Amino acid sequence: MDFRLLGSVAAVAADGRELPVGSAKRRSLLAMLLLNPGAPVTVDRLTETLWDEEPPRHSRTVIHNHVSALRALLAAHGAPDGGVELVTDGGAYLLRVPELAVDTDRFERLLRAARTTPDAAEAVTALQEALALWRGPALAGTAPSVPLQCAAHALEELRLAAVEELARAHGRLGDHGAAAGVLSTEATMNPLREPLVAALVLALGRAGRRSEALDWFHRTRRALAEELGIDPGPDLVEAYDFLLHSPAAPPRRPDRVPPPRVATVGGLSSVPDPRPAPGAAPAPGAAGAPVAPPAPAPPAAARPPRTAPWPFPRRPRGFSGREDELAALDRAAAGPGAIAVVTGGAGIGKTTLALYWAHRRQDDFPDGRLFVDLCGHSPLPERSTPAVLRELLLGLGLPAEQMPATPEALAARYRELTADRRMLIVLDNARRSDQVRPLLPDGEDCVTLVTSRDRLGGLVASDAARPVPLAELSPPQAVTLLAATLGADLVAAEPEAAARLAGLCDGLPLALRLAAARVATGPARDLALLADELADEQSRLDLLEIEDTSVAATLALTVQHLSEPVRRMFHRLGAHTGTTLDSRTAAALADCRPAEAATALGRLATAHLLVEIGRDAYTLHDLVRLYARSLPGEVDDEVLPRLLDHLLNTLVAACDAAEPGSEPCCALPPGTRPADVRPFPDRASALAWYAAERDTLRGAVDAAVAAGLHDRAWRLVLLQWPLIVWQVRDGWVPLLEHGLAAAEADHNPAAQSRARALLGWVLLEEGRHEQALVHLERAPDLAARAGDGAAQAVALMNLAVALSRYGRNARERGLLVRALSLAERADRADLAALARQHLAHACLADGVPEEAAHHAARGLALAEPPFPAARRVLLQTLYGRALAATGHPEEAALHLGAAVRSARAHQYEDGEAGALAALAALQGLPGTTAATATATATAAVPATASASASAPGR
C-alpha cells in the first residue's frame with residue numbers, strides 16, 4: 001500500500017486503486033499522521049490540524065470517529081499484511097508504514113541521491129523521477145489549517161529546490177535550453193523568487209537566447225519595484241552582468257535558410273528565423289565578421305524576394321498552468337501536416353494558450369510563424385477567405401504586385417509556397433470548418449494551430465485534425481493565475497479569499513484577470529472585499545467588466561451566432577437553480593418536448609456554452625447562467641413553476657427507487673404539472689441522482705421561497721429524505737430548517753411534523769441532543785393535530801430512539817408500541833417493520849430477548865422485497881442476537897451469517913460490521929458447536945464498502 005502527499009492526499013491499494021478516504025477533515029488527519037510516520041501525534045495537534053478556528057465541543061469524538069473509519073478502511077484493504085498499522089498510543093495516534101511507502105520519503109531520497117552523485121546524467125534522471133512524483137500542490141484536498149499550510153509550504157520549497165538542482169544538472173551537461181525549459185514555468189509561477197529567475201536568466205543567456213533573458217530580468221526588476229519597493233538582489237544583478245559582458249552562446253541552427261518576409265499591415269503576422277544557415281558566415285556588421293556581399297536571391301518563381309520580417313503577437317504575460325494542455329498540443333502537433341484544434345468557451349484562454357505554445361516551440365519552425373484572426377466570434381465582420389489568403393501570401397513574402405487575381409489562384413499559390421517549408425500557421429477565432437480548410441498549408445513539415453469556440457468536428461472528420469479541448473482552470477490553477485497577475489505575496493496573504501474568487505469566477509481565465517484587474521486598480525487591494533461583492537449574483541457580471549473587456553460581452557459574441565430556437569433555450573436556462581441538467585429538465589424550463597431540448601442542448605455544448613459531462617448530462621457554469629438570465633426578452637412567469645413541478649415529480653420517482661415499498665412522505669400539491677421524468681432502475685441510481693442534484697434542489701428551495709411557493713418548497717426538502725438518512729452527518733440542518741420555515745408559512749402541521757422529526761434525527765446524529773429533543777417532542781403532537789398517523793408513527797420512533805440513546809429510556813418502549821399501532825392502523829408495512837426493528841433493539845437492551853425475537857421475526861416477515869436490503873440486514877442481526885440470548889446459538893449463527901452475506905452483497909459496511917460482531921459474540925456460548933464456529937469463521941471476511949441505512953427519520 002502506498003500513500004501520496006505530493007498532490008491530493010491519497011491512499012493507494014496494492015492493485016493501484018485509490019481508496020475512498022472520505023472528507024477533507026479525514027484526509028487532513030491522514031496527512032498529519034503521514035507527515036509524522038511512526039511517531040505519535042497528539043489529539044491536540046490533530047485538533048489544530050482539522051480546525052483552523054475554534055473547534056467544536058465534540059472535536060475529540062469527531063477525531064476518534066475519523067481514526068476509526070480510517071482504521072477500518074485500511075484493514076479492509078489488507079493494510080496490516082503490508083506493514084501498515086494505525087494504533088492508539090495513550091492520548092495520541094500513530095501510523096506505522098513501511099519504508100518509502102509515502103511519496104514524500106521517495107522524493108527526498110531521490111533528491112539526496114541527485115545531490116550526492118558526481119554524475120550529472122544520473123542527477124538529471126534522479127531529479128526527473130523525483131519531480132514526476134508531484135501530481136499537484138502538496139496536501140491538496142485538506143483543511144486550510146496552519147499546520148498543514150506550513151507543511152505544504154515546506155514541501156513546495158523542497159520541490160523548487162529540486163527544480164533548481166535539475167536546471168544545474170542540465171547546465172553541467174551543457175544542455176542550457178533544457179535548463180531554461182525547466183525553470184521557465186516555475187519562474188512564471190514564482191515571479192518574485194529571485195534565485196529562480198536569476199538561474200533562468202543565466203540558462204537563457206548560455207543557450208543564446210539573450211533577448212528572452214533580458215526580458216526576464218527587466219520584468220522581474222519592475223515587479224520587485226512595484227510589488228515590494230526593492231531593487232534586484234545580488235543573484236539577479238550578477239546574472240544581468242553575465243548577459244552584458246559574456247560572449248553569446250552559439251544558437252542551434254536551422255536546416256536551411258528561412259524564407260523572406262514582407263512587411264505590411266493587417267490582421268496577420270509572421271516572424272522569420274534570422275539565424276544563418278549551417279556553415280554560413282556571421283552577419284555583416286556582427287562582431288568579428290567581415291563585410292561580405294549578400295547571397296544572391298532565389299528566382300522569383302521559386303521564392304519571393306526577401307524584405308523585412310513580419311511581426312508575430314508577443315508572448316502572453318502572466319501565463320500559468322495548462323501543462324496538460326501544452327503536452328496535448330505537443331502530441332497533436334506531431335506527425336506530417338499536423339492540424340491541432342484548441343476548443344473551448346468564451347474567455348477560456350484559447351488564444352493565450354496557442355500563442356504561448358507557439359513561442360515555446362519557436363525553434364521548431366525555422367521558416368517562420370504566421371498568425372491570422374479569422375474573426376469568427378468578434379465584433380468585427382468575419383474575414384473572407386480571399387482576404388485572408390492575400391495576407392498569408394504577403395506574410396510568406398509574395399510582393400503585392402505578384403498577387404493572383406482569383407480566389408482559386410490565391411489558394412494554389414498559398415499551397416505552393418508552403419509545400420516545402422517548415423512553418424507554424426495559427427488560425428485564431430475560427431467559427432466553421434469550411435472557413436479553415438482553404439487556409440491549410442500544403443507542406444508536411446507545416447503545423448496548423450486553430451482556435452475555436454466550436455468543436456469543428458467537420459475538420460476532425462475530413463482533415464484528421466486533432467482536438468485539444470480547453471476546460472476551466474482547476475481551483476489551484478485559478479489561484480496560481482491570480483498570483484501571477486496580482487503577485488504571490490498578495491494572494492498568499494488572503495488564501496481563503498483567493499480561493500473564493502477563483503470559485504466565483506468559475507475558473508474562467510478572462511473572469512480571473514478581470515477580477516485581478518479590479519483588485520489591482522482599486523484603492524483597497526482587498527481580495528476578500530471583492531469576493532464578497534462578487535457573491536451577489538445581481539452584480540457579478542457588472543463587476544467583471546473593465547473598460548472595453550467583460551465576460552458578458554465575450555459571451556454575447558457566441559450567443560449572437562445561435563439559431564433562434566437555441567438562443568431561446570439558452571435564455572430559459574437562466575432560470576435553472578443549479579449547475580447540472582438534462583434534456584428533461586431543459587424541456588421543463590423551455591416548455592418543449594425532450595427531443596427538441598436535447599437538440600438545443602447539443603448545439604449549446606458544441607458552442608461551449610454548456611459542458612457535456614455524460615450521456616444527456618450537462619453542466620451550466622454560474623457566469624454563463626447569470627448571463628443567460630440577463631438577456632433581454634419576454635419574461636416567462638411559468639418557467640420557475642414548471643421547473644419546480646418537474647423536480648417534485650422526479651423526487652417522487654427517486655424516492656420510489658431508493659426506498660422501494662415505502663409510501664411517499666407527502667403528496668404532490670394540487671395543480672402540479674405532470675412531467676416526463678428520468679427512469680431510476682435501482683436504489684444506487686436514485687441515490688446518485690440525489691447526490692448529484694443536491695445543489696440544484698437547494699437552489700430550487702430558495703427560489704420557491706422567494707417566489708412565495710411554500711407548498712413546493714417544503715416538499716422539495718422532505719422528498720430528499722432517502723439521501724438525508726443515508727448521509728445523515730452531511731450538513732443537512734440549514735436545508736431542513738428552511739423546509740420547516742416553509743411548512744410553517746404554508747400552515748401545514750403534517751409537513752411541520754415531518755420536518756421536525758427529520759431535523760431532530762439529524763441533530764441527534766450530530767450530537768446536538770438537546771436541540772434535537774426540542775423538535776422531536778413537538779413532532780408527534782403536530783402530526784396528531786393533522787390526523788396523519790404515519791407521520792405521527794415516524795415522529796414517535798425518532799423520539800424513542802433519541803431518548804434511549806441518552807439514557808432516558810423509561811418512555812422508549814411505550815412510544816414504540818404506540819408507533820407500531822399507528823403504523824398498522826395506517827396499513828404502512830414499511831413503518832411497522834421499522835417500529836418492530838426498534839422494539840427488538842429496546843427489548844434486548846431491557847433484557848427480554850424472547851420479546852426481541854418476536855418483534856424481529858415479525859419485522860422480517862414484513863421486510864421482504866421490495867423493501868431495502870439494509871432494513872432486512874438489521875432485523876436479521878437483531879433476530880440472531882435474540883436467538884443467541886434465548887439459548888439457540890446455532891440458529892443464531894445461520895441468521896447472522898445470512899445478514900453478513902446480504903450486507904456484503906449490498907455494500908452495507910455498517911450492517912456487515914454489526915452482524916460480524918454478533919457472530920463473534922457467539923464464541924464460547926453454551927450450546928455452541930464446531931459447525932457454529934466454522935460458520936462464524938467463514939463469514940468473518942473484511943468488508944469492502946461503506947454505507948449507513950439504519951436511521952428511522954424521514
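Draft legend 1. Region of interest: the overall build of the protein. Secondary structure summary: the protein contains 43 helices and 16 strands in total. For the protein, the proportion of its 954 residues judged to be buried stands at 51%. Across the protein, contacts joining residues at least 24 apart in sequence account for 69% of those joining residues at least 6 apart. As displayed, the protein offers around 40900 Å² of accessible surface, 54% of which is attributable to carbon and sulfur atoms.

Draft legend 2. Spotlight on the pairing of strand β15 (residues 611-614). Relative to strand β16 (residues 617-619), β15 is paired through three bridges, and the arrangement is antiparallel. Residue pairing for β16: valine 611 is matched across the bridge by threonine 619.

Draft legend 3. Representation of helix α10 (residues 234-245) in the model. Over its twelve residues, α10 runs 16 Å from end to end, which matches the ideal 16 Å to within 8%, given 1.5 Å per residue. Residues of α10 that are buried include every one of Leu236, Ala239 and Leu243, and no others. With its buried residues spanning 60° around the axis, α10 presents them on a single face. For α10, exposure combined with an orientation more than 90 degrees from the buried face picks out Pro234, Glu238 and His245.

Draft legend 4. Examining the pattern of salt bridges more closely. Scanning the model with the defined rule gives 53 salt bridges in all. For aspartate 434, the salt bridge identified is with arginine 432, shortest N-O distance 2.9 Å. In this structure arginine 432 comes out as partly exposed when scored by relative accessible area, which is 30%. Glutamate 596 is paired through a salt bridge with arginine 593; the nearest N and O atoms lie 3.1 Å apart. One connected set of salt bridges, linked through shared partners, spans Glu323, Asp330, Arg360, Arg361 and Asp364.

Draft legend 5. Structural context of the sheet that holds strand β5 (residues 92-96). The sheet built from three strands is open, its strands ordered β3-β5-β4 with antiparallel pairing. Looking along the sheet, the strands with just one partner apiece sit at the ends: β3 (41-42) and β4 (85-89). Strand direction decides the pairing type here: β3 and β5, joined by two bridges, are antiparallel. Considered in β5, the bridge of valine 41 is made with tyrosine 93. Its contacts with the sheet put helix α1 (residues 24-35) on β3, β4 and β5, and the angle it makes with β5 is roughly 70°. Seen against the sheet, helix α3 (residues 59-76) touches β4 and β5 and runs at an angle of roughly 145° to β4.

Draft legend 6. Molecular detail of the environment of aspartate 682. Inspection of the secondary structure puts aspartate 682 in the loop between α28 (639-658) and α29 (683-692). Sequence-wise, aspartate 682 and aspartate 656 are 26 residues apart; in three dimensions their C-alpha atoms are separated by 9.3 Å. At a separation of 3.4 Å, a polar atom in the side chain of aspartate 682 contacts the main-chain amide nitrogen of alanine 684.

Draft legend 7. Structural view of the sheet that holds β16. One open sheet accounts for three strands, arranged β14-β16-β15; its pairing is antiparallel. The strands lining the two open edges of the sheet, one partner per strand, are β14 (580-581) and β15. Sheet analysis places β14 next to β16, joined by two bridges and oriented antiparallel. Residue pairing in the sheet places threonine 580 in a bridge with threonine 619 of β16.

Draft legend 8. Region of interest: the side chain of arginine 715. Examined against the element boundaries, arginine 715 turns out to sit in helix α31 (residues 710-718). A distance of 2.8 Å separates a polar atom in the side chain of arginine 715 from the backbone oxygen of aspartate 711. In this structure arginine 715 touches Leu648, Cys666, Ala667, Leu668 and Pro669, once residues within four positions along its chain are discounted.

Draft legend 9. Highlighting helix α36 (residues 789-805). Here α36 contains 17 residues, and its C-alpha end-to-end distance of 24 Å stays within 8% of the 24 Å for a straight helix at 1.5 Å per residue. A large share of α36 lies buried, amounting to 14 of its 17 residues. Where α36 starts, the residue carrying a side-chain oxygen 3.3 Å from the main-chain nitrogen of alanine 790 turns out to be aspartate 788. Glycine 807 sits one or two positions beyond α36 and adopts a positive phi of about 75°.

Draft legend 10. The arrangement of the side chain of arginine 756 in detail. When you line up the elements, arginine 756 lands in helix α34 (residues 749-765). By relative accessible area, which is 6% here, arginine 756 ends up buried. When residues no more than four places from it in sequence are discounted, the contact partners of arginine 756 are Leu740, Glu744, His775, Leu776, Arg778, Ala779 and Leu782.

Draft legend 11. The environment of glutamate 85, seen in detail. Mapped onto the elements, glutamate 85 comes out in strand β4. Once the C-alpha coordinates of glutamate 85 and leucine 74 are considered, the two residues, eleven residues apart in sequence, prove to be 8.1 Å apart. Setting aside residues no more than four positions away along its own chain, glutamate 85 makes contact with Leu94, Leu95 and Arg96.

Draft legend 12. Just the packing of aromatic side chains, in detail. Applying the stated criterion across every chain yields a total of eight aromatic pairs. Aromatic pair phenylalanine 217 and tyrosine 240: ring centres 4.1 Å apart, planes at 15°, arrangement stacked. Taken together, the positions of phenylalanine 217 in helix α9 (residues 210-228) and tyrosine 240 in helix α10 put the pair 23 residues apart, joining distant regions of the chain. Given a relative accessible area of 5%, phenylalanine 217 falls into the buried group. Overall, the relative accessible area of 22% leaves tyrosine 240 in the partly exposed class. Here phenylalanine 680 and tryptophan 689 contribute two aromatic rings whose centre-to-centre distance is 5.7 Å and whose plane-to-plane angle is 65°, an arrangement assigned as edge-to-face.

Draft legend 13. Summary view of the confidence of the model for the protein. On average, residues of the protein carry a pLDDT of 83, and 89% of them reach 70 or more. Below pLDDT 50 for its whole length, residues 248-309 participates in 129 contacts with residues either more than four positions away or in separate chains. Counting interchain partners and residues more than four positions distant, the pLDDT-below-50 stretch residues 941-954 has 59 contacts.

Draft legend 14. Quick peek at the packing of helix α17 (residues 475-486) against helix α20 (residues 509-521). Contact geometry of α17 with α20 gives a least axis separation of 10 Å together with a crossing angle of 40°. By the angle between their directions, the pair α17 and α20 is classed as oblique. For the pair α17 and α20, the sense of crossing is right-handed. Every residue of α20 that contacts α17 at Ala478, Leu481, Leu482, Thr485 and Leu486 is listed here: Pro509, Leu512, Arg513, Ala516, Val519 and Ala520. Of the residues assigned to the contact of α17 with α20, the class counts are nine nonpolar, one polar and one charged.

Draft legend 15. Representation of unusual backbone geometry within the structure. At leucine 100, a residue that is not glycine, the phi angle is positive and equals roughly 70°. Mapped onto the elements, leucine 100 comes out in the loop between β5 and α4 (103-116). Under the relative-accessibility criterion, leucine 100 is labelled partly exposed at 25%. A positive phi angle, near 55°, is found at cysteine 375, a position not held by glycine.

Draft legend 16. Representation of the pairing of β5. The buried fraction of β5 amounts to four of the five residues, a majority that puts the element mostly inside the structure. Where β4 meets β5, five bridges bridge the pair, whose relative direction is antiparallel. For leucine 86, the partnering residue across the bridge sits in β5 and is leucine 95.

Draft legend 17. Broad picture of the packing of α28 against α29. Taken N-terminus to C-terminus, the directions of α28 and α29 make an angle of 140°; their axes are 7 Å apart at the nearest point. Judged by the inter-axis angle, α28 sits oblique to α29. Once α28 is placed against α29, the crossing between them reads as left-handed. Contacts from Thr650, Leu651, Ala654, Cys655, Ala657 and Ala658 of α28 reach α29 at Arg683, Ala686, Leu687, Trp689 and Tyr690. When grouped by side-chain class, the residues that make up the contact of α28 with α29 number nine nonpolar, one polar and one charged.

Draft legend 18. Quick look at the environment of histidine 621. For histidine 621, the location among the structural elements is in the loop between β16 and α27 (622-630). According to the relative accessible area criterion, histidine 621 is partly exposed, its value standing at 22%. For the pair histidine 621 and valine 611, spaced ten residues apart in the sequence, the C-alpha separation amounts to 8.3 Å. Residue contacts for histidine 621: discarding those within four places in its chain leaves Glu472, Asp506 and Val611. One polar contact links histidine 621 to glutamate 472, side chain to side chain, over a distance of 3.3 Å.

Cut-off values and rules
Residues numbered from 1 in each chain as written. Predicted model: local features only at pLDDT ≥ 70, side-chain atom pairs only at ≥ 80, totals over all residues. Heavy atoms only, no water. Helix = DSSP H or I, 4+ residues; strand = E, 2+ residues; numbered from the N terminus. Buried < 20%, exposed > 50% of the residue type's maximum accessible area, 1.4 Å probe, protein only. Contact = heavy atoms within 4.5 Å. Areas by Shrake-Rupley, 256 points an atom, 1.4 Å probe, with all protein chains shown as cover. Pairing = 2+ DSSP bridges. Expected span 1.5 Å × (residues − 1). Arc of directions from axis to C-beta. Salt bridge = Lys/Arg side-chain N within 4 Å of Asp/Glu carboxyl O. Axes fitted to C-alpha atoms, helices over the stretch in contact; angles between N-to-C directions. Polar contact = N/O pair within 3.5 Å; in protein donor to acceptor, adjacent residues only side chain to side chain. Phe/Tyr/Trp six-rings, centres within 6.5 Å; stacked < 30°, edge-to-face > 60°. pLDDT = per-residue confidence, 0-100. Parallel < 35°, antiparallel > 145°, perpendicular 65-115°, else oblique. Left-handed = near helix turned anticlockwise from the far one by under 90°. Nonpolar A, V, L, I, M, F, W, Y, C, P; charged D, E, K, R; others polar.

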